[in-house]
Amino acid sequence: MSGLRETFEAETSTGAPTGAPTAVGGLHEVRVPGSALFTEAQPPARAGLPAALFVHGLGGSTRNWELLMAELAGTVDGQAVDLPGFGQSPPPDDADLSLDAHMRAVVDHIERGERGPVHLFGNSLGGAVVTRLAALRPDLVRSLTLISPALPELPPQTTAWPTALLALPGAAGVIRRASRGTTFDSQTQAVLELCYGDPGRIPPERRAVMVAEYRRRAELPYTLDVLARSARGIVRAYTERGAHSLWRQAERVTAPTLLVYGLRDKLVGYRMARRASRAFADSRLLVLPEAGHVAMMEFPALLAARVEDFLAEVDG
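Think of each chain on its own: its residues are numbered from 1, step by step along the sequence as written. In view of the model being predicted, local features appear only for residues whose pLDDT reaches at least 70, and side-chain atom pairs are presented and counted only at 80 or more, with totals across whole chains, interfaces and linings using the full set of residues. The side-chain values count all of the structure's non-hydrogen atoms but skip hydrogen atoms and water molecules.

Points about the overall build of the chain
Part 1 of the reasoning: A run of DSSP states H or I qualifies as a helix once it reaches four residues; a run of E qualifies as a strand once it reaches two. Both are numbered from the N-terminal end. For the chain, the count of helices and strands is twelve helices and nine strands.
Part 2 of the reasoning: Residues classed as buried in the chain amount to 55% of the 316 residues present. The buried label applies to any residue whose accessible area, calculated with a 1.4 Å probe on protein chains only, is under 20% of its type's maximum; exposed applies above 50%, and partly exposed to all values in between.

Here it is as structure tokens:
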């Protein structure tokens, strides 16, 4: 398996998610050095399925993967992890939220659980984290599925600048002041407009869950600081050169890789899809014309079908 395989998918035939997310196993705390990580498991349809681990993006959580994990219950034994400071996981003891620190937390989780090598999934920030992991610890990775991975894009597209500005000193305070007087519903809607190709596809009950989660996160004293520090980590990773460059590390990845990009993505430009397909030696490119930044939440059934084909090829 080598070279680029590119597929354009029309999402209309499979549709967007309908109804509330399928219930998955409860959250479980896993202690790794310097951090308490919370994970969410999807009970597999049967015993003996290969292990998979799902890593969310900036501001995300295990909940970002619930729909896709439910669709893949007959294919993998899936777990999603809350990175340090996100979801239910508290910030790390040393306050290090760099890309390397997030990667070490994921490595520690895989090793503590003795589940490797795993089929590894990453979205946005999570995509950068697992790319570095696959380059440095190939023994832990069976395959990579990267959904709008946050690989260096310089300059970023205009709609991504507000996220990049999170990395500036004092950004947390500016956001805190700017959000005064606005409702959690309107704040959540602004995030959805940024991340979804079409927020109108989100069912009302799903939107209510998102608003409740946004409210919970907003009321935590460390949320904005975690966002700012993690954004700073992404910007720092974008400027790294030599062997530590993310693009150079992508070239070192030997695991079969499925690249997923949405044409309506406001955070990761589709122009990076071609570069990524050249960088990863054993890659396939899936393009979703109607998807934004979170294809696994927008078109879980369609994406699951393509992932099943990919993993069948890998495992076969």
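Considering the side chain of histidine 119
Part 1 of the reasoning: Within the secondary structure, histidine 119 sits in strand E6 (residues 118-123).
Part 2 of the reasoning: We define a polar contact as two N or O atoms separated by no more than 3.5 Å, with the added condition that, inside protein, one atom must be a possible hydrogen donor and the other a possible acceptor, whereas residues neighbouring each other in sequence contribute only through side-chain atom pairs. Side-chain polar atoms of histidine 119 contact the side chain of serine 143, separated by 2.7 Å.
Part 3 of the reasoning: For histidine 119, the side chain forms a polar contact with the side chain of aspartate 315, separated by 3.4 Å.
Part 4 of the reasoning: Each residue touching histidine 119, except ones within four places of it in the same chain, is listed here: Pro50, Ala51, Ala52, Leu53, Val76, Arg142, Ser143, Leu311, Val314 and Asp315. Whether two residues are in contact is decided by their heavy atoms: any pair within 4.5 Å suffices.

As for the packing of aromatic side chains
Part 1 of the reasoning: Stacked, edge-to-face and tilted are the three classes for Phe, Tyr and Trp ring pairs, Trp counted by its six-membered ring, which pair at centre distances within 6.5 Å; planes under 30 degrees apart are stacked, over 60 edge-to-face, the rest tilted. Going through the model one piece at a time under the given rule, you end up with four aromatic pairs.
Part 2 of the reasoning: Pairing phenylalanine 54 with phenylalanine 121 gives two aromatic rings, centres 4.3 Å apart and planes at 20°, and the pair type is stacked. Of the two residues, phenylalanine 54 sits in strand E4 (residues 51-55) while phenylalanine 121 sits in strand E6, which places them 67 residues apart along the sequence.
Part 3 of the reasoning: Geometrically, the ring pair formed by tryptophan 65 and phenylalanine 121 is edge-to-face, given 6.5 Å between the ring centres and 70° between the ring planes. One end of the pair, tryptophan 65, is in the loop between E4 and helix H1 (66-71); the other, phenylalanine 121, is in strand E6, and 56 residues separate them in sequence. You'll find tryptophan 65 and phenylalanine 121 in the same group, each marked buried.

What to know about unusual backbone geometry
Where the residue is not glycine, phi is negative for most of them; where a peptide bond is considered, it is trans in most cases.
Part 1 of the reasoning: The linkage connecting glycine 116 with the following residue, proline 117, adopts the cis geometry, with an omega of -5°.
Part 2 of the reasoning: Tracing the chain through its elements places proline 117 in the loop between helix H2 (99-113) and E6.
Part 3 of the reasoning: You will see that glutamate 114, though not glycine, has its phi angle at about 50°, which is positive.
Part 4 of the reasoning: With respect to the helices, strands and loops of the structure, glutamate 114 is situated in the loop between H2 and E6.
Part 5 of the reasoning: Given a relative accessible area of 74%, glutamate 114 falls into the exposed group.

What about the packing of helix H6 (residues 184-195) against helix H7 (residues 204-218)?
Part 1 of the reasoning: Axis definition: a line fit to C-alpha positions, over the contact stretch in the case of helices; interaxial angles, taken between N-to-C directions, run 0 to 180 degrees. Contact pair H6 / H7: the axes reach a minimum separation of 9 Å and the direction vectors enclose 105°. With respect to each other, H6 and H7 are oriented roughly perpendicular. Packed against H6, whose contacting residues are Phe184, Asp185, Gln187, Thr188, Gln189, Val191 and Leu192, the element H7 presents Arg207, Met210, Val211, Tyr214, Arg215 and Ala218 at the interface.
Part 2 of the reasoning: For the contact of H6 with H7, the class distribution of residues is seven nonpolar, three polar and three charged. Put simply, angles under 35 degrees are roughly parallel, angles over 145 are roughly antiparallel, angles from 65 to 115 are roughly perpendicular, and the rest are oblique. Three residue categories are used. Nonpolar comprises Ala, Val, Leu, Ile, Met, Phe, Trp, Tyr, Cys and Pro, charged comprises Asp, Glu, Lys and Arg, and polar comprises the others, including Gly.

Concerning the side chain of threonine 145
Part 1 of the reasoning: By the element assignment, threonine 145 lies in strand E7 (residues 141-147).
Part 2 of the reasoning: Residue threonine 145 is classed as buried on the basis of its relative accessible area, which comes to 1%.
Part 3 of the reasoning: Leaving out residues up to four positions away in the same chain, threonine 145 has contacts with Leu120, Phe121, Gly122, Leu258, Val260, Val307 and Phe310.

Here we look at the pairing of strand E9 (residues 283-288)
Part 1 of the reasoning: Counting buried residues along E9, six of its six residues qualify, which places the element largely inside the surrounding structure.
Part 2 of the reasoning: Along E9, one buried face is formed by Ser283, Leu285 and Val287 and the opposite face, lined by Arg284, Leu286 and Leu288, is buried too.
Part 3 of the reasoning: At least two bridges found by DSSP between two strands are what make those strands a pair. Both strand E8 (residues 257-262) and E9 contribute to a ladder of six bridges, which runs parallel. Paired with tyrosine 261 across the two strands is valine 287, which belongs to E9.
Part 4 of the reasoning: Taken together, E8, helix H10 (residues 271-279) and E9 constitute a β-α-β crossover, and its handedness is right-handed. A clockwise path from the first strand over the helix to the second, with the strands pointing away from the viewer, defines a right-handed crossover.

Points about the nonpolar core
Part 1 of the reasoning: Grouped together as the largest cluster of nonpolar side chains are 52 residues, with contacts concentrated most on Val106, Leu120, Leu133, Val141, Leu144, Tyr261 and Phe280.
Part 2 of the reasoning: Top contributing element to this core by residue count: helix H3 (residues 125-136), with seven residues.
Part 3 of the reasoning: Dropping the residues within four chain positions of it, valine 141 is found in contact with Pro117, Val118, Leu120, Leu133, Ala134 and Ala255.
Part 4 of the reasoning: Buried Ala, Val, Leu, Ile, Met, Phe, Trp, Tyr and Cys residues form a nonpolar core when they are joined through side-chain atoms within 4.5 Å. Residues Leu68, Cys195, Tyr196 and Val260 belong to the second largest nonpolar core, which totals 33 residues.

Examining the environment of leucine 99
Part 1 of the reasoning: Mapped onto the elements of the fold, leucine 99 is located in helix H2.
Part 2 of the reasoning: On the accessibility criterion, leucine 99 (4% relative accessible area) is buried.
Part 3 of the reasoning: Spatially, the C-alpha atoms of leucine 99 and isoleucine 234 are 6.4 Å apart, while their sequence positions differ by 135 residues.
Part 4 of the reasoning: For leucine 99, the contacting residues outside a window of four places in its chain are Leu125, Ala128, Val129, Arg132, Gly233, Ala237 and Leu246.

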